[in-house]
Structures are given as C-alpha cells and as structure tokens.
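Results of the structural survey
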Amino acid sequence: MAKNKGSRIVITLECCCKNIQNSNLTEKYIKRKKGVFRYTTSKNKRNNPNRLELRKFCPNCNTHENFKEIK
C-alpha cells in the first residue's frame, strides 16, 4: 500500500526582484517585462518547516534570482 501524502504541501515561489523604473539606473538593472513571475512546487513540512528560498531563472529579468515562498 502507498503511504499518505499528509506532510507534503503545495507552495508558491515568487521572484524577489522589483519593477525598477528609475531612469538614473543603468539598463542592466531594468526589468525586460513588467509583473512578477511565480513558480509552483511542493515541499515536505517536516523536513523544511521554515519558508523556502531557491535560486531559479526569472524570465522577466532574464537572470537567475532568489525566489521566496509566499502565503
């Protein structure tokens, strides 16, 4: 018999980068698209009780950024 998936929950990871619209900054820091990108994944509550933070690719920034778990 298969085990119960009771401790595994679905979470959403959101990009930490902000929409930088200041003209004083260089082109390198300005996002290519507006909005916030999110990933959906699952985590084990028993192994990772704290909020999860992963480094993943953000297509809006076109770079690898930190993604933090949101409620």
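One can find the structure itself at the top, above this paragraph.
Below, the structure is looked at part by part. (Residues numbered from 1 in each chain as written. Predicted model: local features only at pLDDT ≥ 70, side-chain atom pairs only at ≥ 80, totals over all residues. Heavy atoms only, no water.)

With that settled, consider the nonpolar core. Core analysis: the largest hydrophobic core is formed by 8 residues, namely I11, L13, C15, C17, L52, C58, C61 and F67. Here the element with the most residues in this core is strand β1 (residues 8-15); it accounts for 3 residues. If near-sequence neighbours (up to four positions away) are discounted, I11 is found in contact with Y39, T40, T41, S42, K43, L52 and E69. (Core = buried A, V, L, I, M, F, W, Y, C linked by side-chain atoms within 4.5 Å. Buried < 20%, exposed > 50% of the residue type's maximum accessible area, 1.4 Å probe, protein only. Helix = DSSP H or I, 4+ residues; strand = E, 2+ residues; numbered from the N terminus. Contact = heavy atoms within 4.5 Å.)

Take the state of the cysteines next. As enumerated under the stated definition, the model contains 0 disulfides in all. Considering cysteine sulfurs only, C15 is the nearest to C16, which forms no disulfide, with 6.3 Å between them. (Disulfide = S-S within 2.5 Å.)

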